[in-house]
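Fold and geometry: a report
Spelled out, the chains give:
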Protein chains: 2
Amino acid sequence: MGALILHGGAGSWRDERVKGEAVRVIEECTRYAWEILGEKDSLSAVVAGVKCMEDSGVLNAGWGSVLDLLGTRSLDAGVMSSDGLIGAVAAVTATKNPILLAMHVAVETPHIIMGGEGADEYARRLNLPPLPPPPQHVWERYRETLSRILKGEASTRYGRELVKYLEANPVLADSLKELVGVGDTVGAVALDDEGRLAAAVSTGGVILKLPGRIGDSPIPGAGFYATSRVACSSTGWGEEIIKAMPCLKLSQLVEETGDLEEALDKLMDYVDSRVGRDTMGLIAVDSEGKIGYRYNTRAMLVAYIDKTGRVVVKF
Amino acid sequence: MGALILHGGAGSWRDERVKGEAVRVIEECTRYAWEILGEKDSLSAVVAGVKCMEDSGVLNAGWGSVLDLLGTRSLDAGVMSSDGLIGAVAAVTATKNPILLAMHVAVETPHIIMGGEGADEYARRLNLPPLPPPPQHVWERYRETLSRILKGEASTRYGRELVKYLEANPVLADSLKELVGVGDTVGAVALDDEGRLAAAVSTGGVILKLPGRIGDSPIPGAGFYATSRVACSSTGWGEEIIKAMPCLKLSQLVEETGDLEEALDKLMDYVDSRVGRDTMGLIAVDSEGKIGYRYNTRAMLVAYIDKTGRVVVKF
């Protein structure tokens, strides 16, 4: 029997407008991915689960992606299987479903990562569904976040970090004083009946990022990873995740300890000491079908299938 | 006293047109970076060394970058210091000096990686020197490589891998039968008098890549890395380097063994078993000022300063 776990982002702050919707969406996407896992394989299941969340408009990936500093969007995604398939896209804008484009990069090209206009042109040639204009709540959150920044309100570590950089930055306007929230992401990991593990991730990145910013999501070992022992998908402050490489580290810890829970505990100790708390969360599944998740942020939206086949949502 | 080593790319094939020029360029750039190391710090030295090679037009970085499948160019670069500074750019086209843009990302933004049009716009705002049209030998190599592919000639592992993918690829024309050479890159690592380590890397990527392809160079741990113990810069087949994460692995091996040479030997065993031979090379310097380099390709262009202060070039 297979195993499946999805997440809808780790952060310090959740948009109350979409909180109920987000729970409904991840529940529905988990059920859908579980059906696919029964019919096909783990790779198909994680891609289906992530595509479902990208299409929802209420999570920070695909259609619901947050806006950058100029009110535009650029998306990152990645996918990997224990069979050695890897693909990712960085800073793409032409499709609602970067996870599908990442699959095409993995299957049809000799490359692992494609980005920018070249990747957008590839998406257009493939006739992938275009990215629709942002949902209303995304615009509202952008305007409110900008407004809070202009009033000088501050709360998160990422926000203070950004302020520090922006204050020293001769290029950008000096009006930006703060950002809100660690970047959300969506992800899925699964094990299928034939023992194959797969991981997928997709995101709009951190709100009010500089246009062109690429986070951890398209980087194997950072935002996603899959070996014959464990599959992992992470979420949070992308810059800190790039430094910590949590999914690569988890695979090493699972090799060393042979136990997913122990490896996850050691991983979070490592993450806290390497880059600090309030930085990230992740989901994982091992080759024995054990699932697990951890986060050092205030909240993380997670959904999985329990032993009775029911969807469990944790928030 | 500091230490410094530069490389001009690892590959199975060197362009005979620029071979002599390449030796002259790396010698000159090493001497220049050594001067900067004496006046300033290791970070300034590696950036100066890489910028010098980007400006040369004879190595695969900056002005001399190879052309992609459509005859256009996109460049990757990264820089990191043991102080924790990290910056990188992916698939950029607007500047001759991606290494300078990577420095701006590191110093002035809250991000680590920027790519595509957003990063190009950032380069334009900074008034960085634009990317001039390719030198003549780059056009010639592009035309000859395409021509050899059309005639069905094959030699390298990367070439065969690409053929396999392209044959199965419904999107691209089926006329491409082969690619030549593992991707060259330029890089530099240094230790300064105050014990700070720094690494830098810059590349035009692999010749005839799909437009938008992003390699290992903008990924910390893959193309470059610096800790308080060791700095590393790698070159070769980017996709395999992303899988092997050699610079991150080297930093772990130096921690474990405490000896750079032993760590480099173990690293190459790991690389050969993880992704195979004919895939990559790298340069490194540790906190004691020991320098080292390894490659499993046919050739690698390396230059360093010996104990008497003279430039030694190896090819």
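Worth saying up front: this structure is predicted, and the values here are computed from it rather than measured.

Observations concerning the confidence of the model for chain A
All names here are of chain A. A residue-level look at chain A finds 87% of positions with pLDDT of 70 or above and a mean pLDDT of 89. Confidence over residues 170-181 falls short of pLDDT 50; this stretch has 39 contacts with residues more than four positions distant or in other chains. Confidence estimates for the predicted assembly give a pTM of 0.91 and an ipTM of 0.89.

Side note on the nonpolar core
Ranked by size, the top nonpolar core spans 97 residues in total, and within it Leu-250 of chain A together with Leu-250 of chain B carry the most contacts. Beyond its immediate sequence surroundings of up to four residues, Leu-250 of chain A is in contact with Val-230, Cys-232, Ala-263, Leu-264, Leu-267, Leu-282 and Ala-284 of chain A.

Remarks on the pattern of salt bridges
Taken as a whole and judged by the stated rule, the model has 36 salt bridges over all chains. Between Lys-243 of chain A and Glu-240 of chain A there is a salt bridge, with its nearest N and O atoms 3.1 Å apart. Taken together, the residues Lys-243 of chain A and Glu-240 of chain A, both in helix H7 (residues 238-244) and three residues apart, mark about one turn of the helix. We classify Lys-243 of chain A as partly exposed; its relative accessible area is 22%. Residue classification places Glu-240 of chain A among the buried positions, given a relative accessible area of 6%. Between Asp-55 of chain B and Lys-96 of chain B there is a salt bridge, and its shortest N-O distance comes to 3.5 Å. Of the two residues, Asp-55 of chain B is situated in helix H2 (residues 42-56) and Lys-96 of chain B in the loop between strand S3 (86-92) and helix H3 (98-108); the sequence distance between them amounts to 41 residues. Here the residues in one salt-bridge network are Glu-117, Glu-121, Arg-124 and Arg-125 of chain A, joined through shared partners.

Digging into the state of the cysteines
Residues and elements named next belong to chain A. Using the criterion set out here, one finds four disulfides over all chains in the structure. There is a disulfide in this structure between Cys-29 and Cys-52, and the S-S distance comes to 2.1 Å. Handedness of the Cys-29-Cys-52 disulfide follows from its S-S torsion of about -80 degrees: it is left-handed. Of this pair, Cys-29 sits in helix H1 (residues 19-39) while Cys-52 sits in helix H2 (residues 42-56); the two residues are 23 residues apart in sequence, bridging distant segments of the chain. Overall, the relative accessible area of 15% leaves Cys-52 in the buried class. Covalently, Cys-232 is tied to Cys-247 through a disulfide, its sulfur atoms 2.1 Å apart.

What to know about the packing of aromatic side chains
All names here are of chain A. On inspection of all chains with the given rule, the structure shows two aromatic pairs over all chains. When the centroid spacing of 6.2 Å and the interplanar angle of 80 degrees are considered together, the rings of Trp-139 and Tyr-142 count as edge-to-face. Of this pair, Trp-139 and Tyr-142 both sit in helix H5 (residues 136-150), three residues apart, which is roughly one turn of the helix. With relative accessibility at 30%, the residue Trp-139 sits in the partly exposed group. Taking NZ or CZ as reference, Lys-249 lies 4.3 Å from the ring centre of Tyr-270, over its face.

As for the sheet that holds strand S10 (residues 280-286) of chain B
Residue and element names in this part refer to chain B. Taking strand neighbours across the sheet as the criterion, the four strands line up as S8-S9-S10-S11 in an open arrangement whose pairing is antiparallel. Each end of this open sheet is capped by a strand with a single partner; those strands are strand S8 (224-226) and strand S11 (291-295). For this sheet, the mean angle separating the axes of adjacent strands, direction not counted, is 10 degrees. In this sheet, strand S9 (residues 230-236) lies alongside S8 in antiparallel orientation, the contact comprising three bridges. Following the sheet pairing, Phe-224 is matched in S9 by Ser-233.

Digging into the interface of chain A and chain B
Listed by partner, the interface residues are 41 residues for chain A and 41 residues for chain B. When chain A packs against chain B, the two sides together hide about 3500 Å² of surface, and 69% of this comes from carbon and sulfur. Connecting chain A to chain B are zero salt bridges. There are nine residue pairs in polar contact (both at pLDDT 80 or more) connecting chain A and chain B. The dominant element in the side of chain A that touches chain B, judged by the number of residues it contributes, is helix H4 (residues 116-125) of chain A, at five residues. Tallied by class, the residues present in the side of chain A that touches chain B amount to 26 nonpolar, eight polar and seven charged. Pairing geometry for strand S7 (residues 213-214) of chain A and strand S4 (residues 113-115) of chain B, over two bridges, is antiparallel. Directly across from Ile-214 of chain A, in S4 of chain B, lies its bridge partner Ile-113 of chain B.

Notes on the pairing of strand S3 (residues 86-92) of chain A
All names here are of chain A. Counting buried positions over the seven residues of S3 gives seven, a clear majority of the element. Pairing between strand S2 (residues 75-81) and S3: five bridges, direction antiparallel. Considered in S3, the bridge of Ala-77 is made with Val-89. Hairpin remark: S2 followed by S3, antiparallel, with four residues in the connecting loop; positive phi at Gly-84, about 105 degrees. Relative to strand S4 (residues 113-115), S3 runs parallel, the two being bridged by three bridges. The residue bridging Ala-88 from the neighbouring strand is Ile-113, located in S4.

Notes on the relation of the copies chain A and chain B
Aligned on chain B, chain A shows an RMSD of 0.0 Å; the corresponding rotation is 180 degrees and the shift along the axis is 0.0 Å. Overall, the copies show the geometry of a two-fold rotation axis. Closest approach to the rotation axis within chain A is made by the C-alpha atom of Gly-116 of chain A, at a distance of 2.2 Å. A share of 100% of interface residues in chain A that are also interface residues in chain B marks the association as one of identical surfaces.

As for H2 of chain B
Residue and element names in this part refer to chain B. The first and last C-alpha atoms of H2 sit 21 Å apart over 15 residues, in line with the 21 Å expected at 1.5 Å per residue. Here H2 lies mainly inside the structure; twelve of its 15 residues are buried. Count one or two residues on from H2 and you reach Gly-57, which has phi positive near 80 degrees.

Quick notes on the environment of Lys-51 of chain A
Residue and element names in this part refer to chain A. Inspection of the secondary structure puts Lys-51 in helix H2. Along the chain, Lys-51 and Asn-97 lie 46 residues apart, while their C-alpha atoms are 6.2 Å from each other. Apart from the residues within four sequence positions on either side, Lys-51 is in contact with Asn-97, Ile-99 and Leu-100. Engagement of the side chain of Lys-51 in a polar contact is seen with the side chain of Asp-55, the distance being 2.8 Å.

So, the side chain of Asp-76 of chain A
Residue and element names in this part refer to chain A. When you line up the elements, Asp-76 lands in strand S2. Salt bridges are absent for the buried Asp-76, whose nearest opposite-charge side chain, Arg-213, sits at 4.8 Å. At 2.8 Å, the side chain of Asp-76 and the backbone nitrogen of Ala-91 are in polar contact.

Definitions and limits used
- Counting starts from 1 at the beginning of each chain's written sequence and moves along it residue by residue.
- For naming, the first written chain is A and the first written ligand is 1, with later ones following in the order written.
- Two thresholds apply to this predicted model, a pLDDT of at least 70 for residue-level local features and 80 or more for giving and counting side-chain atom pairs, whereas whole-chain, interface and lining totals are computed over all residues.
- To obtain the side-chain values, all non-hydrogen atoms of the structure were used and water was disregarded.
- Values of pLDDT, the confidence the predictor places in each residue, fall between 0 and 100.
- Whether two residues are in contact is decided by their heavy atoms: any pair within 4.5 Å suffices.
- The definition of a nonpolar core used throughout is a set of buried Ala, Val, Leu, Ile, Met, Phe, Trp, Tyr and Cys residues joined through side-chain atoms within 4.5 Å.
- Buried means the residue's accessible area, taken with a 1.4 Å probe over protein chains only, is under 20% of the maximum for its type, while exposed means over 50%, and partly exposed covers the values in between.
- One side-chain nitrogen of Lys or Arg within 4 Å of one carboxyl oxygen of Asp or Glu is enough to make a salt bridge.
- Comment: elements are numbered from the N terminus, with helices defined as DSSP H or I runs of at least four residues and strands as E runs of at least two.
- Cysteine sulfur atoms that pair up within 2.5 Å are treated as a disulfide.
- Whether two aromatic rings pair depends on their centres lying within 6.5 Å, for rings of Phe, Tyr and Trp, where Trp uses its six-membered ring; planes under 30 degrees apart make the pair stacked, over 60 edge-to-face, and the rest tilted.
- Ring-over charges, as used throughout, are those where CZ of Arg or NZ of Lys falls within 6 Å of the ring centre and within 35 degrees of the ring normal.
- We call two strands paired when DSSP finds no fewer than two bridges between them.
- Note on geometry: axes are C-alpha line fits, over the in-contact stretch for helices, and angles between N-to-C directions span 0 to 180 degrees.
- The quantity reported as buried area is the accessible area (1.4 Å probe) lost by two parts once they are put together, taken as the sum for both.
- Identification of polar contacts relies on pairs of N or O atoms within 3.5 Å, with a donor-acceptor requirement for protein atoms, meaning one able to donate a hydrogen and the other able to accept it, and with residues adjacent in sequence counted only if both atoms are side-chain atoms.
- Three classes are used: nonpolar for Ala, Val, Leu, Ile, Met, Phe, Trp, Tyr, Cys and Pro, charged for Asp, Glu, Lys and Arg, and polar for all others, with Gly counted as polar.
- Overlaid copies result from least-squares superposition on C-alpha atoms, with residues included only where pLDDT is at least 70 in both.
- Between the first and last residue of a helix there are one fewer steps than residues, each counted as 1.5 Å, and that sum is the expected span.
- Only four residue types enter the tally: Lys and Arg on the positive side, Asp and Glu on the negative side; His and the chain ends are excluded.

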